[in-house]
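Topology and contacts: notes
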Amino acid sequence: MKTNSNTLPQERIHIVDALRGFALAGIVIVHMVENYIGAPSPTSFNEAVHQGPMDYVVDGFIGLLLRGKFFALFSFLFGLSFFIQMDKAHQKGENFAGRFLWRLLLLLGIGYVHSLFYAGDILTIYALLGIFLIPFYKIKNNWILGFVALLFLGMGRYIVFFFTQGQNMFGVMEMSPESASVLEYYSILKEGSLSDVFSANAFNSHLNKMDFQFGIFGRGYATFGYFLLGLYIGRTGFFKKFREQKKLVKRTWIWSLVLFLVSGGLMAVTFGSMGENVTFDNWTAMLGLTAMDLNNVAVTFILISVFVILYKRTKPQKFLEKFIPYGKMALTNYCGQSVIGTFLLFGWGLGYIGELRNLYTFGIALFVITLQMVLSKWWLSKFKYGPLEWLWRSATFFKFFPIKR
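Because the structure is predicted, anything quoted here is derived from the model rather than measured. (Residues numbered from 1 in each chain as written. Predicted model: local features only at pLDDT ≥ 70, side-chain atom pairs only at ≥ 80, totals over all residues. Heavy atoms only, no water.)

**Section: the overall build of the protein chain**
- A count of helices and strands for the protein chain gives 19 helices and 0 strands.
- On C-alpha atoms alone, the protein chain measures out to a radius of gyration of 21 Å, which is about the 22 Å that the 2.2 N^0.38 rule sets for 405 residues.
- Seen along its three principal axes, the alpha-carbon backbone of the protein chain occupies a region of about 55 × 45 × 45 Å.
- The 405 residues of the protein chain split such that 50% are buried.
- Partitioning the intrachain contacts of the protein chain with sequence separation of at least 6 by distance along the chain shows that 78% fall at a separation of at least 24.
- With an accessible surface of roughly 19,100 Å², the protein chain has 67% of that area assigned to carbon and sulfur atoms.
- For the protein chain, the distance from the average site of its 37 positive side-chain charges to the average site of its 22 negative ones is 20 Å. (Helix = DSSP H or I, 4+ residues; strand = E, 2+ residues; numbered from the N terminus. Rg over C-alpha atoms; globule rule 2.2 N^0.38 Å. Buried < 20%, exposed > 50% of the residue type's maximum accessible area, 1.4 Å probe, protein only. Contact = heavy atoms within 4.5 Å. Areas by Shrake-Rupley, 256 points an atom, 1.4 Å probe, with all protein chains shown as cover. Lys, Arg positive; Asp, Glu negative; His and termini not counted. Charge placed at Lys NZ, Arg CZ, Asp CG, Glu CD.)

So this is what it looks like as structure tokens:
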């Protein structure tokens, strides 16, 4: 295995941070429009948030370009960051594996606290899956790409379905919007106190999340695939020399567009053949879910390609650079947006869950993004790190880093 022998130049740091901030913005929009439920939503909720054509337009926009894509971009950047940290230590003659493991345990703790507010927290999953990244640092590129292909083609999903036939492995929440477990959890979010929400999210929600991540829906398998892709791209040094990679970028978005069309067609055929009542207890549905995963991969890399193309141009770059402070404080902003969102929506706060149409929550999401971007720029003008970034870094190295500029 060959690693990049040079430390990262400032420009690469800039585009990666900008891309991370861009990914975080998409995640805010998805979560806010979903009202931070982090679970199946009841029929009454779905009817309440769709009051006109524009609400369905918002749904279509999120479904086509955001849901499943920006989390993928965020996961890809996690794998890239893993490579950056390991490679920097390698250049200094240090072994960062043990330190990275400790860093993941700290992330698990931060993620658990965050998950008490929002059951859809991804940090705990990143912390658990990140452990398996460590041995892949020394595995050859061909093997990494082979694992990525198996993960994206649904290997984990098919193995799980073979043994479970679509039944839950861990959790107790059913997928039906009118099931007792769905209605009960929604009632807690809508009417419960903060302690009620914390109690509901403390354990059972993690089991339900494990079903979503490692059951037939397979989000966790895809997430690890994006981790490995980030590691691979880090090795190639793409973001170090992205201005020179015109042909590669062009080929990437062209082949991603082909994959988007093919996987979209496969989704239409598989789910369309099942009629109105789509169930996930058959192999046809498993094939449809894999097509959906591949469609998300395609859109994700179209977004990366377009981002890189625009970043090379002066005027678009000036706009995209506004995401840099937002991306540098991604951990703080990710957790912060969940606290803001759940306060606005849940019963322990202002209680607007299921009361606002999609168009309004979409607007609120844009406001939160703008607010956090402004605050991030102001904060980093006075401090070197975001609050949670500073805490995570200091705890990782067992020392207090100066935070003021």
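**Quick notes on the environment of Lys247**
- Its location among the elements puts Lys247 in helix α13 (residues 246–272).
- The class of Lys247 is exposed, set by a relative accessible area of 66%.
- Residues Lys247 and Thr332, 85 residues apart in the sequence, show an inter-C-alpha distance of 36 Å.

**Details of the environment of Met54**
- Within the fold, Met54 resides in helix α3 (residues 53–66).
- For the pair formed by Met54 and Asn358, sequence separation is 304 residues and the distance between their alpha carbons is 8.0 Å.
- When sequence neighbours within four positions are dropped, the list of residues in contact with Met54 reads Arg357 and Leu359.

**Concerning helix α19 (residues 387–397)**
- Of all the residues in α19, the buried ones are Glu389, Trp390, Trp392, Ser394 and Thr396.
- Its buried side turned inward, α19 meets α5 (97–117), α16 (323–328) and α17 (330–345).

**A short note on the nonpolar core**
- Judged by nonpolar contacts, the single largest core of 113 residues is most densely connected at Phe76 and Phe239.
- If you tally residues by element for this core, the top one is helix α4 (residues 70–91), at 14 residues.
- Apart from the residues within four sequence positions on either side, Phe76 is in contact with Tyr226, Leu229, Gly230, Ile233, Phe239, Phe301 and Ile304. (Core = buried A, V, L, I, M, F, W, Y, C linked by side-chain atoms within 4.5 Å.)

**Notes on the pattern of salt bridges**
- Inspection of every chain in the model, using the stated rule, returns 6 salt bridges.
- When the shortest N-O distance is used, the salt bridge between Glu34 and Arg67 registers 3.0 Å. You can see Glu34 sitting in the loop between α1 (10–33) and α2 (43–48) and its partner Arg67 sitting in the loop between α3 and α4, a full 33 residues away along the chain.
- On the accessibility criterion, Glu34 (27% relative accessible area) is partly exposed.
- The salt bridge involving Asp55 is made with Arg357; its shortest N-O contact spans 3.1 Å. In this pair, Asp55 is assigned in helix α3 and Arg357 in the loop between α17 and α18 (358–382), connecting sequence segments 302 residues apart. (Salt bridge = Lys/Arg side-chain N within 4 Å of Asp/Glu carboxyl O.)

**What about the packing of helix α9 (residues 180–191) against helix α10 (residues 194–202)?**
- Their axes nearest at 8 Å, the elements α9 and α10 cross at an angle of 145°. The hand of the α9/α10 crossing is left-handed. Residues Tyr185, Ile188 and Leu189 of α9 pack against Asp196, Val197, Ala200 and Asn201 of α10. (Axes fitted to C-alpha atoms, helices over the stretch in contact; angles between N-to-C directions. Left-handed = near helix turned anticlockwise from the far one by under 90°.)

**A short note on the side chain of Thr164**
- Mapped onto the fold, Thr164 is located in helix α8 (residues 155–164).
- A polar contact of 2.8 Å, which involves the side chain of Thr164, links it to the backbone oxygen of Val160.
- Those residues in contact with Thr164 that sit more than four places away from it in its chain are Met169 and Ile216. (Polar contact = N/O pair within 3.5 Å; in protein donor to acceptor, adjacent residues only side chain to side chain.)

**Describing a positive patch on the surface**
- Taken together, the side chains of Lys88, Lys92, Arg393 and Lys399 present a region of like positive charge at the surface.
- Note that Lys92 resides in the loop between α4 and α5.
- Residue class for Lys92 comes out exposed when judged on its relative accessible area of 62%. (Patch = residues over 30% accessible without salt bridge, like charges linked within 9 Å, V, L, I, M, F, W, Y side chains within 5 Å.)

**Looking at the packing of α5 against α10**
- Viewed as axis vectors pointing N to C, α5 and α10 meet at an angle of 125°, and their least axial separation amounts to 7 Å. With respect to their mutual orientation, α5 and α10 come out oblique. The two elements α5 and α10 meet at a crossing, and its hand is right-handed. Residues Tyr112, Ser115, Leu116 and Phe117 of α5 touch α10, and the partners they reach there are Leu194, Val197, Phe198, Asn201 and Ala202.
- When its residues are assigned to classes, the contact of α5 with α10 shows 7 nonpolar, 2 polar and no charged. (Parallel < 35°, antiparallel > 145°, perpendicular 65-115°, else oblique. Nonpolar A, V, L, I, M, F, W, Y, C, P; charged D, E, K, R; others polar.)

**Focus: the confidence of the model for the protein chain**
- With 97% of its residues at a pLDDT of 70 or more, the protein chain shows a mean pLDDT of 92.
- For residues 1–12, every residue scores under 50 in pLDDT, and the model assigns this stretch 29 contacts once sequence neighbours within four places are set aside. (pLDDT = per-residue confidence, 0-100.)

**Describing the side chain of Thr361**
- Looking at the secondary structure, you find Thr361 in helix α18.
- Not counting chain neighbours up to four residues away, the residues in contact with Thr361 comprise Met32, Val33, Asn35 and Leu356.

**A closer look at the environment of Gly386**
- Locating Gly386 in the fold gives a position in the loop between α18 and α19.
- With a relative accessible area of 1%, Gly386 lands in the buried category.
- Distance in space between the C-alpha atoms of Gly386 and His114 is 16 Å, their sequence separation being 272 residues.
- In this structure, Gly386 is in contact with Met329, Thr332, Trp379 and Leu380, ignoring residues within four places of it in sequence.

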